[in-house]
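Geometric and topological summary
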Amino acid sequence: LEEFRAFELLRTGLDRSKYLLVKEAKIIAMTCTHAALKRKELVNLGFRYDNILMEESAQILEIETFIPL
């Protein structure tokens, strides 16, 4: 029960989704554009990642893949 206590204290759905993103998420999927737009928010949440898989099917240039990072 102690594990879920912090989750119960969060009031809004947005707060709960941010908590799950940072604490529980194993895989996050988003476009490079969305990742670039949300980068600052993810950094402020303390989100960390070990691996990145980019699959853009030649829609962006290789150098552009550094923007969301």
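Calculation criteria
Residues numbered from 1 in each chain as written. Predicted model: local features only at pLDDT ≥ 70, side-chain atom pairs only at ≥ 80, totals over all residues. Heavy atoms only, no water. Helix = DSSP H or I, 4+ residues; strand = E, 2+ residues; numbered from the N terminus. Buried < 20%, exposed > 50% of the residue type's maximum accessible area, 1.4 Å probe, protein only. Contact = heavy atoms within 4.5 Å. Areas by Shrake-Rupley, 256 points an atom, 1.4 Å probe, with all protein chains shown as cover. pLDDT = per-residue confidence, 0-100. Expected span 1.5 Å × (residues − 1). Bend = angle between axes of the 7 residues up to and from the residue. Axes fitted to C-alpha atoms, helices over the stretch in contact; angles between N-to-C directions. Parallel < 35°, antiparallel > 145°, perpendicular 65-115°, else oblique. Nonpolar A, V, L, I, M, F, W, Y, C, P; charged D, E, K, R; others polar.

Regarding the overall build of the protein
- Scanning the protein from terminus to terminus reveals 3 helices and 0 strands.
- Listing the helices and strands of the protein from first to last along the sequence gives α-α-α.
- Expressed as a percentage of its 69 residues, the buried residues of the protein come to 12%.
- Restricting to contacts in the protein with at least 6 residues of sequence separation, those with at least 24 account for 44%.
- Of the roughly 6,300 Å² of accessible surface on the protein, a fraction of 55% belongs to carbon and sulfur atoms.

Topic: the confidence of the model for the protein
- Per-residue confidence for the protein averages 75 on the pLDDT scale, and 81% of its residues sit at or above 70.
- Looking at the elements of the protein, mean pLDDT is at its lowest for helix H1 (residues 2-9), recorded as 65, and at its highest for helix H3 (residues 32-45), recorded as 83.

Quick notes on H3
- Here H3 contains 14 residues, and its C-alpha end-to-end distance of 19 Å stays within 8% of the 20 Å for a straight helix at 1.5 Å per residue.
- Along its length, H3 reaches its greatest deviation from straightness, about 55°, at Lys 38.
- If you check which residues of H3 are buried, you get Cys 32, Ala 35 and Leu 42.

Here's the deal with the packing of helix H2 (residues 13-23) against H3
- Where H2 meets H3, the axes come as close as 10 Å, and the angle between the chain directions of the two elements is 75°. Between H2 and H3, the angle is such that the two are roughly perpendicular. Counting all contacts with H2, which are made through Lys 18, Leu 21 and Val 22, the residues of H3 involved are Glu 41, Leu 42 and Leu 45.
- Counted by class, the contact of H2 with H3 contains 4 nonpolar, no polar and 2 charged residues.

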